[in-house]
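Residues per chain, in single letters:
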Amino acid sequence: MGNWIVNHGLDTFILVVWMGINIFLFVHFYLFYDLGPQFFYTRQLLGCCGRTMRKQLDKNLSFHKLVAYMIALMTAVHTVAHLLNVEWFINSRHGRYGFLAGNLSALEDDEDDHETFLNPVQSDSTTPTIFAFTTIAGLTGVVITLALILIITSSMEVIRRSYFEVFWYTHHLFIVFFAGLVFHGYGRIVRSQVTTDPPHNTTFCKDQPENWGKIPECPIPQFAGGFPQTWMWVIGPMVIYLCERLLRFVRYLQTVRYKKIVMHPSKVLELQLLKSGFKMDVGQYVFLNCPEISELEWHPFTMTSAPEEDFFTVHIRSAGDWTDRLIKMYTEYNGPFGTASEDVFDYEVSMLVGAGIGVTPFASILKSIWYKFKDSNPKLRTRKIYFYWLCRETHAFEWFADLLQVLEKEMEERGMRDFLIYKLYLTGWDHTHAAQVMVNFDKDTDVITGLKQKTHYGRPNWDKEFEQVRHENPSSVVGTFLCGPPALATDLERRCVKYSDVDPRKTKFYFNKENF
């Protein structure tokens, strides 16, 4: 339970609070409309109505998607409910729901032309289509629903990966969505009864609408639309968003210079960049923009350099139209990449697991820890690292092997060979690879990477690896970090729980899932 709280406690707490707010608002406003005396006659037309207010939050990608799903769900509920409302308004106008509903629908504006009616359908010829395109609520509702449909459909993974520009530009229809949402409430479709002098007693007057305006106890009831409130929920997040965009724009104006450009094998582009006053921590990422490709597109890339270096580095793998065009621009030049969490520094022992291009986050952390370790940084708690890299193709090892070779050489020179234990696993190979390995088996260095540590074939036996780490580090706190697929994350998290001892004096594993 303690391990689960460490890894998922904060995310779960935020999710529960967010869901609690939505549930509270839904129940609150449902009861407001269902029980409020000012909506008594409104309920005679509609039965009951309820709506939710949605608070827009953006914590991370997963939470962003969850909010989007909730918006889509509530939009569907809201749209269906109001389509039914319009139908009931029309039927009430035609007197199909009894004498009381007919009289309420016949109410018009008062003598001073104040909008005191109850039924927004004021013509017998009105249809749902006419109502949708001739009223503020209807027209804005159509616009924001279409915008939301385009945003959702263009956010599908197949669109994002194959036609990123479509996803990028369509996603900015959120401006149309929220602008329409702000004005949507100005239609004031749902109306409540207002106090008159003398007051209209609904209990006494509801059964005798023919006497409304004829006896003192039953003056003609008057109604008004509620004050639009959506802007109050939208303005806060919008101000934060605009401030963030302004900050990005200021940073965009600052000059960025190239220090070095490296074109690695397997179409991996390394950019070493310089920017005045720029500071970083391991695990952070930057948004890159290339005006020659698109002045509006910004793409996030995790920095692979260490904070101790006087430049920052990103590695860009060919993975789509934008990256392909960027790499193509730099093919005439020669030019590292990584991501990890700064929480690594909080553990005595760390297990770093990268799968495929997921290894890139650990370039930054390995270099940073090594700088701190060899300089005897007093703030560094880490005394041992186990690094695992799983890769399907041999050529993917090429660019990262350079960093491991440097670390391997420096550790051997300083007599610190046990500080970093790394294991590379090739999960895909053919007969040619097997034959080459057999011929060069007795060599001191690996035939694929050139490292002294030989490459393993297949996948790690995680039970054996965790047992070894626990045996070699009794009474230690081990942080396990992964940048890889969800299935591997589930597997490693279970191993962390399995091999953590209940005795606080013995070895404990804490799983840290990275989202890159």
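In what follows, the accompanying structure is described. Not measured: the values here are computed from a predicted model.

Here's the deal with the pattern of salt bridges
Part 1 of the reasoning: Within this structure, the stated rule accounts for 10 salt bridges.
Part 2 of the reasoning: Two residues, Arg 93 and Asp 124, come together in a salt bridge whose shortest N-O distance is 3.1 Å. Taken as a pair, Arg 93 in helix H3 (residues 61–93) and Asp 124 in the loop between helix H4 (99–106) and helix H5 (128–134) lie far apart in primary sequence, 31 residues in all.
Part 3 of the reasoning: Arg 93 sits in the partly exposed class, given a relative accessible area of 22%.
Part 4 of the reasoning: For Arg 470, the salt bridge identified is with Glu 467, shortest N-O distance 2.9 Å. Pair noted here: Arg 470 and Glu 467 are both in helix H16 (residues 462–472), with a separation of three residues, about one helical turn.
Part 5 of the reasoning: What emerges from the salt-bridge pattern is a single network uniting Asp 463, Asp 491, Arg 495 and Lys 498.

Some thoughts on helix H12 (residues 321–329)
Part 1 of the reasoning: For H12, the set of buried residues is Trp 322, Thr 323, Leu 326 and Ile 327. Each buried residue of H12 sits inside an arc of 125° when the element is viewed along its axis, so together they form one side.

Observations regarding the side chain of Glu 465
Part 1 of the reasoning: By the secondary structure assignment, Glu 465 is in helix H16.
Part 2 of the reasoning: The exposure class of Glu 465 is buried, given its relative accessible area of 5%.
Part 3 of the reasoning: There is a polar contact of 3.3 Å between the side chain of Glu 465 and the side chain of Tyr 425.
Part 4 of the reasoning: The residues contacting Glu 465, other than those within four sequence positions of it, are Tyr 388, Lys 423, Tyr 425 and Pro 460.

Section: the nonpolar core
Considering soluble globular proteins, one finds that nonpolar side chains tend to be buried as a cluster.
Part 1 of the reasoning: Grouped together as the largest cluster of nonpolar side chains are 28 residues, with contacts concentrated most on Leu 352, Ile 365, Leu 366, Phe 387, Phe 400, Leu 404 and Leu 420.
Part 2 of the reasoning: Among the secondary structure elements, those contributing two or more residues to this core are helix H13 (361–374), strand S9 (384–391), helix H14 (398–413), strand S10 (420–426) and strand S12 (477–483).
Part 3 of the reasoning: Take this core: its biggest share by element is six residues, from H13.
Part 4 of the reasoning: Grouped together as the second largest cluster of nonpolar side chains are 19 residues, Val 349, Val 353, Tyr 388 and Leu 492 included.

Some points on H16
Part 1 of the reasoning: If you check which residues of H16 are buried, you get Trp 462, Glu 465, Phe 466 and Val 469. All buried residues of H16 fall inside an arc of 95° around its axis, so they share one side. Facing away from the buried side of H16 by over 90 degrees, the exposed positions are Lys 464 and His 471.

Examining the pairing of strand S2 (residues 222–225)
Put simply, side chains in a regular strand alternate between the two faces of the sheet.
Part 1 of the reasoning: On S2, burial follows the alternation: Phe 223 and Gly 225 on one face are buried, whereas Gln 222 and Ala 224 on the facing-out side are not.
Part 2 of the reasoning: Where strand S1 (residues 191–194) and S2 come together, four bridges link them in antiparallel fashion. Bridged to Ser 192 within S2 is Ala 224.

Comments concerning the environment of Leu 420
Part 1 of the reasoning: Along the polypeptide, Leu 420 turns up in strand S10.
Part 2 of the reasoning: Judged by relative accessible area, Leu 420 falls into the buried class, the value being 7%.
Part 3 of the reasoning: The sequence separation of Leu 420 and Ser 350 amounts to 70 residues, and the corresponding C-alpha distance is 9.8 Å.

About the criteria used
- Residues numbered from 1 in each chain as written.
- Predicted model: local features only at pLDDT ≥ 70, side-chain atom pairs only at ≥ 80, totals over all residues.
- Heavy atoms only, no water.
- Salt bridge = Lys/Arg side-chain N within 4 Å of Asp/Glu carboxyl O.
- Helix = DSSP H or I, 4+ residues; strand = E, 2+ residues; numbered from the N terminus.
- Buried < 20%, exposed > 50% of the residue type's maximum accessible area, 1.4 Å probe, protein only.
- Arc of directions from axis to C-beta.
- Polar contact = N/O pair within 3.5 Å; in protein donor to acceptor, adjacent residues only side chain to side chain.
- Contact = heavy atoms within 4.5 Å.
- Core = buried A, V, L, I, M, F, W, Y, C linked by side-chain atoms within 4.5 Å.
- Pairing = 2+ DSSP bridges.

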